[in-house]
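Chains, contacts and geometry: an overview
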Amino acid sequence: AKSILARVEQEGATLKGILLTHGHFDHIVSIDTLRRACQVPLMIHKEDAEMLEDGVKNAFSLFFGQHISYKPAERLLGNGDKISLGGMDIEVVHLPGHSKGSVCYYIPGERTMFTGDLLFAQGYGRADLHGGNAFTLRTSLCALRQYPGNITIYPGHGEASLLRNALDVAFYL
């Protein structure tokens, strides 16, 4: 939370909301601190909402042997929902497999997509945690082919990439 808040201040920006791509612990660990500090809403797909309040489902207990839970989201999202934040129109694209409620956030006007842990520059996410499904994950990766290959993806881990390059790597593996 400290590094995120420092970056927001450094950029002279104002945090308007927190968009989660899914509910695993490594993506939610700072959300309550950020919400308190900035008084902003948290948004997550409705299929992953339960993960916020369950340390087994969000995998914190699996990795650290403790049960950690977070406050429920202020807004539950569904496929095709539109979010306007900071002058940008963001489309919610439900692409399960990494988790039941895994989503990407597509910003057509910026030629950008946040892919969370579905697709990385050098591969794709795991499907062995709560709500994961390898077949569904593969189907979701195939669905990404409908988007322009020259958009920039920002995954939940690692560097940015062009969508077409990341998909080529993912389907080669």
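Above this text is the structure in question.
Residues numbered from 1 in each chain as written. Predicted model: local features only at pLDDT ≥ 70, side-chain atom pairs only at ≥ 80, totals over all residues. Heavy atoms only, no water.

1. Some details on the packing of helix H5 (residues 134-143) against helix H6 (residues 163-172)
The contact between H5 and H6 brings their axes to 11 Å, and the two run at 145°. Here H5 and H6 pass one another in a crossing that is left-handed. The segment H5 lies against H6, with Arg-138, Leu-141 and Cys-142 engaging Leu-167, Ala-170 and Phe-171. Across the contact of H5 with H6, the residue classes tally to 5 nonpolar, no polar and 1 charged. (Axes fitted to C-alpha atoms, helices over the stretch in contact; angles between N-to-C directions. Helix = DSSP H or I, 4+ residues; strand = E, 2+ residues; numbered from the N terminus. Left-handed = near helix turned anticlockwise from the far one by under 90°. Contact = heavy atoms within 4.5 Å. Nonpolar A, V, L, I, M, F, W, Y, C, P; charged D, E, K, R; others polar.)

2. What to know about unusual backbone geometry
Backbone geometry places Ala-59, a non-glycine residue, at a positive phi of 75°. In this fold, Ala-59 is placed in the loop between strand S2 (42-45) and helix H4 (60-64). The backbone of Arg-111 sits at a positive phi, close to 55°, despite the residue not being glycine. Structurally, Arg-111 can be placed in the loop between strand S6 (103-107) and strand S7 (112-116).

3. Re the nonpolar core
Among the nonpolar cores identified, the biggest contains 17 residues, and Met-113, Leu-118, Leu-119, Leu-144, Tyr-147 and Leu-163 are the most heavily contacted of them. When contributions to this core are tallied by element, the ones reaching two or more residues are S6, H5 and H6. Those residues in contact with Leu-144, other than ones at most four positions away along the chain, are Leu-95, Met-113, Leu-118, Leu-119, Leu-163 and Leu-167. Ranked by size, the runner-up nonpolar core spans 12 residues in total, among them Ile-28, Ala-49, Leu-52 and Tyr-70. (Core = buried A, V, L, I, M, F, W, Y, C linked by side-chain atoms within 4.5 Å. Buried < 20%, exposed > 50% of the residue type's maximum accessible area, 1.4 Å probe, protein only.)

4. Description of a nonpolar patch on the surface
Together, Leu-62, Phe-63 and Phe-64 give the surface a local cluster of nonpolar side chains, amounting to about 330 Å² of exposed area. Here Phe-64 is to be found in helix H4. (Patch = residues over 30% accessible without salt bridge, like charges linked within 9 Å, V, L, I, M, F, W, Y side chains within 5 Å. Areas by Shrake-Rupley, 256 points an atom, 1.4 Å probe, with all protein chains shown as cover. Salt bridge = Lys/Arg side-chain N within 4 Å of Asp/Glu carboxyl O.)

5. Observations regarding the environment of His-67
Mapped onto the fold, His-67 is located in the loop between H4 and strand S3 (75-77). Between the alpha carbons of His-67 and Gly-149 there is a distance of 40 Å; along the sequence they are 82 residues apart.

6. Quick word on H5
Considered for burial, the residues of H5 that qualify are Leu-137, Ser-140 and Leu-141. The buried side chains of H5 occupy one side of the element, clustering within an arc of 100° when seen end-on. On its buried face, H5 sits against strand S8 (119-120), strand S9 (123-124) and H6. Capping of H5 at its N-terminal end is provided by Asn-133; its side-chain oxygen lies 3.0 Å from the backbone amide nitrogen of Phe-135. (Arc of directions from axis to C-beta. Polar contact = N/O pair within 3.5 Å; in protein donor to acceptor, adjacent residues only side chain to side chain.)

7. What to know about the pattern of salt bridges
The full count for this structure, using the stated rule, is 7 salt bridges. A salt bridge links Glu-11 to Arg-7; its shortest N-O distance comes to 3.1 Å. Within this pair, Glu-11 and its partner Arg-7 are both found in helix H1 (residues 2-11), separated by 4 residues, close to a single helical turn. In this structure, the salt-bridge partner of Asp-32 is Arg-35, at a minimum N-O distance of 2.7 Å. Separated by 3 residues within a single helix, Asp-32 and Arg-35 lie in helix H3 (residues 31-38), roughly one turn from each other. Given a relative accessible area of 4%, Arg-35 falls into the buried group.

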